[in-house]
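Commentary on secondary and tertiary structure
Take a look at the letters that make up each chain.
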Amino acid sequence: MTSKLFIRSSFAVVICLIFGFMGTVATQTGIANWYPNLQKPWFHIEEDLFSFIWILMYVLMGVAAGIVWSKGFYHKWVKTALYHFGFQLFLNGFWFLLFFALEQPMIALLDLLVLFIVILFTIRWFRIVSNTAAYLLVPYAVWVLFAIALNFEIWRLNS
């Protein structure tokens, strides 16, 4: 691993974790008052495990972004890939705000659906730059599919 790759990956992981922390802040209101009173599907998972998995996803996302960034931001494909990455990171953080802080599971579900589509585009662009970076985003895409199913069922059960 080169020092450029290590530095850029570390920086990208920190940025992703900052978004995760902001999501945690948005989550605190809903977790304390709203979320415990909701009916949940049989496949829901405990909040601690849910948080741990998100942290793992943010680390994988950051490493993937660092790999792409290390290929040179001057290249148009790298820029395009990282712009998609930034947009999906924004949508990711926005979901926590919509679902937990604003208590709007239907709007949050729409956000997740758009997020999943943008993740697929991000994987496509990452693959052009680096197969490894693209593969590191696959668990994240699968995790968001799970979040879509969970969000949908929570919305359906509580509507």
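Up top is the structure.
Here is what the cut-offs are and how they apply
- Along every chain, residues carry numbers that run from 1 in the direction the sequence is written.
- Residues qualify for local features only when their pLDDT is at least 70, as the model is predicted, and side-chain atom pairs are given and counted only at 80 or more; totals for whole chains, interfaces and linings, by contrast, use all residues.
- Note that water and hydrogens are dropped before the side-chain values are worked out from all heavy atoms of the structure.
- Secondary structure is summarised from DSSP: a helix means a run of H or I of at least four residues, a strand means a run of E of at least two, and numbering begins at the N terminus for each.
- Each radius of gyration is computed over the set of C-alpha atoms, and the globule rule expresses the reference value as 2.2 Å times the number of residues to the power 0.38.
- Here the term buried applies to any residue with accessible area under 20% of the maximum for its type, exposed to any over 50%, and partly exposed to those in between, with areas from a 1.4 Å probe on protein chains only.
- Whether two residues touch is decided by their heavy atoms; if any such pair falls within 4.5 Å, the residues are in contact.
- Residue-level accessible areas treat just the shown protein chains as cover; the underlying method is Shrake-Rupley with a 1.4 Å probe.
- Here the positive residues are Lys and Arg and the negative ones are Asp and Glu; neither His nor the chain ends is included.
- In plain terms, the charge of a residue is placed at NZ if it is Lys, CZ if Arg, CG if Asp and CD if Glu.
- Any pair of N or O atoms that falls within 3.5 Å is considered a polar contact. Within protein, one atom must be able to donate a hydrogen and the other to accept it, and sequence-neighbouring residues count only if both atoms are side-chain atoms.
- Simply put, an axis is a line fit to the C-alpha atoms, just over the touching stretch for a helix, and the angle between two N-to-C directions goes from 0 to 180 degrees.
- Comment on the angle field: the value is read as roughly parallel under 35 degrees, roughly antiparallel over 145, roughly perpendicular from 65 to 115, and oblique elsewhere.
- Should the near helix be turned anticlockwise from the far one by less than a right angle, the crossing is termed left-handed; should it be turned clockwise, right-handed.
- Classes in brief: Ala, Val, Leu, Ile, Met, Phe, Trp, Tyr, Cys and Pro nonpolar; Asp, Glu, Lys and Arg charged; the others, Gly included, polar.
- Given the number of residues in a helix, its expected span is that number minus one, multiplied by 1.5 Å.
- Axes are fitted to the seven residues ending at a residue and to the seven starting at it; the angle between these axes is taken as the bend at that residue.

1. Focus: the overall build of the protein
Along the protein, the regular secondary structure elements total five helices and zero strands. Along its sequence from the N terminus, the protein presents helices and strands in the succession α-α-α-α-α. In terms of C-alpha radius of gyration, the protein reaches 16 Å, essentially the compact-globule figure of 15 Å for 159 residues. Among the 159 residues that make up the protein, the fraction classed as buried is 47%. Long-range pairs, those at least 24 residues apart, make up 79% of the contacts in the protein between residues at least 6 apart in sequence. Per element, the accessible surface of the protein, about 8500 Å² overall, is 71% carbon and sulfur. Taken together, the 9 basic and 6 acidic charged side chains of the protein have centroids lying 27 Å from each other.

2. Overview of the side chain of glutamate 153
When you line up the elements, glutamate 153 lands in helix H5 (residues 131–157). With residues up to four places along the chain from it excluded, the contact list for glutamate 153 reads Pro41 and Phe43.

3. Things to note about the side chain of asparagine 92
By the secondary structure assignment, asparagine 92 is in helix H3 (residues 76–101). Exposure remark for asparagine 92: the relative accessible area of 1% places this residue in the buried category. Of the polar contacts made by the side chain of asparagine 92, one reaches the side chain of tyrosine 140; its length is 2.9 Å.

4. Section: unusual backbone geometry
Leave glycine aside and you will find that most residues have negative phi; peptide bonds, for their part, are mostly trans. Despite not being glycine, glutamate 103 shows a phi value in the positive range, around 55 degrees. Residue placement: glutamate 103 occurs in the loop between H3 and helix H4 (105–129).

5. Focus on the packing of H3 against H4
Running from N to C, H3 and H4 point in directions that differ by 160 degrees, and their axes come no closer than 8 Å. What the angle tells us is that H3 and H4 run roughly antiparallel. Of the two possible hands of crossing, H3 and H4 adopt the one that is left-handed. Considered class by class, the residues forming the contact of H3 with H4 number 24 nonpolar, five polar and one charged.

6. Notes on helix H1 (residues 3–34)
Because each turn of an α-helix spans 3.6 residues, side chains separated by three or four positions in sequence point in the same direction. Relative to the 46 Å expected for 32 residues at 1.5 Å per residue, H1 spans 45 Å between its end C-alpha atoms, a close match to the ideal helical length. By the largest-angle criterion, threonine 27 marks the main kink of H1, which is about 35 degrees. Taken together, the buried positions of H1 are occupied by Leu5, Ser9, Ala12, Val13, Cys16, Gly20, Gly23, Ala26, Thr27, Gly30 and Trp34. The secondary structure elements touched by the buried residues of H1 are helix H2 (47–69), H3 and H4.

Shape is all these values report; function is a separate question.
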